[in-house]
Amino acid sequence: METLMIKVDKENPSAEALKPAVEMIQKGGLVAFPTETVYGLGGDAENPEASKKIYAAKGRPSDNPLIVHIWDFSQLEEIVSEVPEAARKLADAFWPGPLTMILPKNDRIPLETTGGLNTVAIRMPSHPVARLFLKESNVKIAAPSANTSGRPSPTLAEHVAEDLSGKIDCIIDGGAVDIGLESTIVDLSEDVPTILRPGYINKEMLEKVVGPVRIDPGILDANANKNIRPKAPGMRYKHYAPKGDLAIVEGKPEDVIREINRRVEEDQGKGLKVGVIATKEDRELYHCDHILTIGTRTDEYSIAHNLYAILREFDELGTQKMYTESFETPKIGNAIMNRLLKAAGHEVIRAPHED
Ligand code: AMP
Ligand code: MG
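Residues numbered from 1 in each chain as written. Chains lettered and ligands numbered in written order. Predicted model: local features only at pLDDT ≥ 70, side-chain atom pairs only at ≥ 80, totals over all residues. Heavy atoms only, no water.

## A few points about the environment of Glu136
Here comes step 1: Among the secondary structure elements, Glu136 is positioned in helix α5 (residues 128–137).
Here comes step 2: Under the relative-accessibility criterion, Glu136 is labelled partly exposed at 37%.
Here comes step 3: In the structure, Glu136 is positioned 115 residues away from Ala21 in sequence and 9.8 Å away in space, judged by C-alpha atoms.
Here comes step 4: Apart from the residues within four sequence positions on either side, Glu136 is in contact with Ala15, Val22 and Gln26. (Helix = DSSP H or I, 4+ residues; strand = E, 2+ residues; numbered from the N terminus. Buried < 20%, exposed > 50% of the residue type's maximum accessible area, 1.4 Å probe, protein only. Contact = heavy atoms within 4.5 Å.)

Structure representation (structure tokens):
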């Protein structure tokens, strides 16, 4: 299959340019498009065949549900069995934007789209290209991230092409995305709203709107353990995985730098191709053949923005071992560490302290 590339102006997209993509999605085809979080791989959410094609193109397990994208709140009312007050309040506060809500679904959304679940994940993106595409096609668009399953999520159209060219009908190229991390997912299908995936919209922001919010204990566990972990298969499911081995090194800044340099020297001595992910502040302090700068410590959004692109860059370099400092990112609900821990398969090294 030939994949059509459509380039559009991010700030001022034209409906005319999107026409071929609109026709494809209406006919049950697959179209990748930019959102403010990452690029999505879209298909008609009400068409089970389109959803099946999404799973096939990504190589995604069919029990991992898709997020349904809409551009108007009335579309949510069409696909859920009830609209709780919390959903209205959260939509008023954060939509359009990087928040996904999970609600009980009705029959219009097929089980193929929800991975067999009776709930549906819904999001209204704010990206001008995504909004225009949703509006022009008048289709509710099921869209997971537009990467091959297990690879870092795409933040550029080129990343989508790397993974999916020849497997999907069209890629809408709107340039670099804004946030660079997937949406916050909040489950509203139970009594207390629960964060299933941390993102740009954090717990405190949600609580100001709907009162107490829980965080899924699975996420908390991963962040709480500061020790070296044994390789336990269940804990080590690599979701956002680079091709080489990534390890996170924690501890006092000077201990972390010393430990990373020590390990780099050892690995390079064995003839391995080694990489370091560094902040702008620390870059000069590392001695390694391949150092990539992720952003600055004073701006956690810069770190979010570059994370996935850096993991892909290391893949291209053929890096076999990678080390990264850990990052405190409280504003985005520790979303960076959540993604890094997955990318690293929970490989966390505690740097020994030296006075
Ligand atoms: P992606 O779009 O690739 O970021 O993946 C969508 C994420 O949303 C996956 O982690 C899914 O497991 C999650 N998700 C989608 N629908 C549901 C649902 N109904 N219940 C729980 N999680 C969901
Ligand atoms: Mg994904």
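Once you've had a look at it, read on.
## With respect to the sheet that holds strand β10 (residues 194–197)
Here comes step 1: Taken together, 11 strands build an open sheet; the order of strands is β1-β8-β2-β3-β7-β4-β6-β5-β9-β10-β11 and the sheet is mixed. Unpaired on one side and paired on the other, β1 (4–7) and β11 (214–215) mark the two borders of the sheet.
Here comes step 2: Bridge count for strand β5 (residues 99–104) against strand β9 (residues 184–187) is 4 bridges, and the pairing is parallel. Note on β9: the bridge partner recorded for Ile102 is Asp187. (Pairing = 2+ DSSP bridges.)

## Re the site of ligand 1
Here comes step 1: Residues in contact with ligand 1 amount to 16 residues; listed here are only the nearest, Asn64, Thr119, Pro144, Ser145 and Arg197.
Here comes step 2: Here Thr119 contributes a side-chain N or O atom positioned 3.0 Å from a nitrogen atom of ligand 1.
Here comes step 3: Compared with its free state, where it exposes 500 Å², ligand 1 has 82% of that area covered by protein.
Here comes step 4: Where the shell around ligand 1 is concerned, the elements lending two or more residues are β6 (119–123) and β10.
Here comes step 5: For the shell around ligand 1, a count of residues per class yields 10 nonpolar, 3 polar and 3 charged. (Near = heavy atom within 4 Å. Polar contact = N/O pair within 3.5 Å; in protein donor to acceptor, adjacent residues only side chain to side chain. Areas by Shrake-Rupley, 256 points an atom, 1.4 Å probe, with all protein chains shown as cover. Nonpolar A, V, L, I, M, F, W, Y, C, P; charged D, E, K, R; others polar.)

## A few points about the environment of Leu30
Here comes step 1: Within the secondary structure layout, Leu30 lies in the loop between α1 (15–26) and β2 (31–33).
Here comes step 2: Sequence-wise, Leu30 and Pro152 are 122 residues apart; in three dimensions their C-alpha atoms are separated by 20 Å.
Here comes step 3: In contact with Leu30, other than residues within four places in its own chain, are Leu41, Gly42, Gly43, Ala50, Lys53, Ile54, Ala57, Ile168, Asp169 and Cys170.

## Some details on helix α10 (residues 300–317)
Here comes step 1: Helix length check: α10, at 18 residues, gives a terminal C-alpha distance of 25 Å against a target of 26 Å (1.5 Å per residue), a fit within 8%.
Here comes step 2: Of all the bends in α10, the largest measures some 40 degrees and sits at Leu307.
Here comes step 3: Of the positions making up α10, those classed as buried are Glu300, Ser302, Ile303, Ala304, Leu307, Tyr308, Ile310, Leu311, Arg312, Phe314 and Asp315.
Here comes step 4: Check the buried side of α10 and you find it contacts α6 (157–164), β12 (245–250), β13 (274–279), β14 (290–295), β15 (321–325) and α11 (335–343). (Expected span 1.5 Å × (residues − 1). Bend = angle between axes of the 7 residues up to and from the residue.)

## Quick word on the sheet that holds β14
Here comes step 1: Read from one edge of the open sheet, 5 strands run β14-β13-β15-β12-β16, paired in parallel fashion. Edge strands, defined here as strands with exactly one partner in the open sheet, are β14 and β16 (348–350). For this sheet, the mean angle separating the axes of adjacent strands, direction not counted, is 25 degrees.
Here comes step 2: Packing of α10 onto the sheet brings it into contact with β12, β13, β14 and β15, and relative to β14 it is tilted by some 160 degrees.
Here comes step 3: Its contacts with the sheet place α11 against β12, β15 and β16, and it is angled at close to 135 degrees to β12. (Axes fitted to C-alpha atoms, helices over the stretch in contact; angles between N-to-C directions.)

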